[in-house]
Amino acid sequence: MSEPLIIKICGIRTEAILDAAIEAGADMVGFMHFPRSPRHLELDPIGELISRARGHAETCVVLVNPDNTLVAQVAALGPDWIQLHGPETPHRVAAIRDEAGIAILKACAIGAAEDVAAVAGFADCADRLLLDAKPPKDATRPGGHGAAFDWSLLKALDPSLGFMLSGGLTPDTVAAAIAATRPLGVDVSSGVETAPGVKDAALVRAFITNARSAAAS
């Protein structure tokens, strides 16, 4: 791979896990602001974690279909990225990027060929794309819920569209995922947890180590 693999540890809630992720070499760290998520944080603690990470790793705040007020509040915290993980349209993504003046990571849920076809519509309005598994039918929140999608679907994707891969990745599966999809980066949340929202520093280290080894081979 020509560019170094980007590794993002998402859904961080504590200083201890933030420090462990940075120490292990994470490139990006993500904080979730969505009350229905077990990884949800209020804006004040997110601001403190962003300050702590500054200069060590890029920071990303995950939002789901935010209104303009919330976008402005998050932009004021000064993250490097805003991740949009809801049903936002390309038009809305572009508007949020203009409003916030912050780089946008747009998550696209993949479950079938038509989902892959829709990804290109976000190429111009988002600064980076994140391909995640489609949530189960009865889910109350977006995201892969610890499940992987069929990576072979991505063979239909325009090869010029770089993307980060998410959805069901773990320390044990990340090497196969990198070999199969050749992503710009990988993003993990539940795959380094011992319970919903509870990250484990040893799993974070193992994920980063295994991802780096796979990218180098």
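Scroll up to find the structure.
As a starting point, this report considers the structure included with it. Sequence positions are assigned chain by chain, starting from 1 and proceeding in written order. With the structure being a predicted model, the display of local features is reserved for residues of pLDDT at least 70 and the display and counting of side-chain atom pairs for 80 or more, all residues being used for whole-chain, interface and lining totals. Side-chain measures were taken over the full set of non-hydrogen atoms in the model, leaving aside hydrogen atoms and water.

Some words on the overall build of the protein
Next up, step 1: Here a strand is any run of E in DSSP of at least two residues, a helix any run of H or I of at least four, and the numbering for each starts at the N terminus. Counting its regular elements, the protein contains seven helices and ten strands.
Next up, step 2: In this treatment the radius of gyration is a C-alpha quantity, and the globule benchmark scales as 2.2 Å times the residue count to the 0.38 power. Compactness check: the protein gives a C-alpha radius of gyration of 16 Å against a globular reference of 17 Å for 217 residues, within 12% of the reference.
Next up, step 3: Between two residues, a contact is recorded if the distance between any of their heavy atoms is within 4.5 Å. Here the analysis covers contacts within the protein between residues at least 6 apart in sequence; of these, 54% occur between residues at least 24 apart.
Next up, step 4: Accessible areas in this description were obtained via Shrake-Rupley with a 1.4 Å probe; residue shielding takes into account the shown protein chains only. In the structure as shown, the protein presents an accessible area of about 9,600 Å², 52% of it carried by carbon and sulfur atoms.
Next up, step 5: For the protein, the distance from the average site of its 18 positive side-chain charges to the average site of its 26 negative ones is 3 Å. Charged-residue counts in this description rest on Lys and Arg as positive and Asp and Glu as negative, His and the chain ends being excluded. One atom stands in for each charge, and that atom is NZ of Lys, CZ of Arg, CG of Asp or CD of Glu.

Description of the side chain of serine 166
Next up, step 1: Checked against the element boundaries, serine 166 lands in the loop between β7 (164-165) and α6 (174-181).
Next up, step 2: Two N or O atoms form a polar contact when they lie within 3.5 Å of each other; inside protein one atom must be a possible hydrogen donor and the other a possible acceptor, and for residues adjacent in sequence the pair counts only when both atoms belong to side chains. A distance of 3.4 Å separates the side chain of serine 166 from the backbone oxygen of aspartate 187, its partner in a polar contact.
Next up, step 3: Those residues in contact with serine 166 that lie beyond four places of it in its chain are Leu130, Leu131, Asp132, Ala133, Phe149 and Asp187.

Quick look at the nonpolar core
One recurring pattern in soluble globular proteins is that nonpolar side chains are buried together.
Next up, step 1: Note on terminology: a nonpolar core comprises buried Ala, Val, Leu, Ile, Met, Phe, Trp, Tyr and Cys residues joined through side-chain atoms within 4.5 Å. Three exposure classes are used, based on accessible area relative to the maximum for each residue type with a 1.4 Å probe and protein chains only: buried under 20%, partly exposed in between, and exposed over 50%. Residues Ile9, Val29, Leu131, Val186 and Phe207 are the most contacted members of the largest nonpolar core, which totals 61 residues.
Next up, step 2: Here this core takes six residues from helix α7 (residues 201-216), the largest share from any one element.
Next up, step 3: With residues up to four places along the chain from it excluded, the contact list for isoleucine 9 reads Ala21, Ala26, Met28, Val29, Gly30, Val188, Lys199, Val204, Phe207 and Ile208.

Some thoughts on unusual backbone geometry
Next up, step 1: Of note, asparagine 65 is a non-glycine position whose phi angle comes to about 50 degrees, a positive value.
Next up, step 2: The exposure class of asparagine 65 is partly exposed, given its relative accessible area of 43%.
Next up, step 3: Of note, the phi angle at arginine 182 is positive, near 45 degrees, even though the residue is not glycine.
Next up, step 4: In this structure, arginine 182 sits in the loop between α6 and β8 (185-188).
Next up, step 5: According to the relative accessible area criterion, arginine 182 is partly exposed, its value standing at 44%.

Let's talk about the sheet that holds strand β3 (residues 58-63)
Across a sheet, strands are paired by hydrogen bonds formed along the backbone, either parallel or antiparallel in direction.
Next up, step 1: Only strands joined by at least two bridges in the DSSP assignment are considered to pair. Sheet architecture is closed into a barrel: eight strands sit in the order β1-β2-β3-β4-β5-β6-β7-β8, paired in parallel fashion.
Next up, step 2: Where strand β4 (residues 81-84) and strand β5 (residues 103-110) come together, four bridges link them in parallel fashion. Residue pairing for β5: tryptophan 81 is matched across the bridge by alanine 103.
Next up, step 3: Inter-axis angles, ranging from 0 to 180 degrees, are taken between N-to-C directions of lines fitted to C-alpha atoms, where helices are fitted over the stretch in contact. Strands in contact with helix α2 (residues 43-53) are β2 (28-32) and β3; relative to β2, the strand with the most contacts, it is inclined by about 175 degrees.
Next up, step 4: Strands in contact with helix α4 (residues 90-100) are β4 and β5; relative to β5, the strand with the most contacts, it is inclined by about 155 degrees.

Quick word on the environment of glycine 78
Next up, step 1: Its place among the elements puts glycine 78 in the loop between α3 (68-75) and β4.
Next up, step 2: Residues glycine 78 and alanine 100 lie 22 residues apart in sequence; the distance between their C-alpha atoms is 9.8 Å.
Next up, step 3: Once residues lying within four places of it in the same chain are set aside, the contact partners of glycine 78 are Ile50, Arg54 and Thr59.

A word on the pairing of β2
Next up, step 1: Most of β2 is tucked away, with five of its five residues classed as buried.
Next up, step 2: As paired strands, strand β1 (residues 6-9) and β2 are joined by two bridges and run parallel to one another. Bridge pairing links lysine 8 to methionine 28 in β2.
Next up, step 3: Note on handedness: a crossover is taken as right-handed if, strands pointing away from the viewer, the path from the first strand over the helix to the second is clockwise. Crossover handedness for the path β1 to helix α1 (residues 15-24) to β2: right-handed.
Next up, step 4: Where β2 meets β3, five bridges bridge the pair, whose relative direction is parallel. Looking across to β3, one finds that methionine 28 is bridged to glutamate 58.
Next up, step 5: Following the chain from β2 across α2 to the adjacent parallel β3, one finds a crossover that is right-handed.

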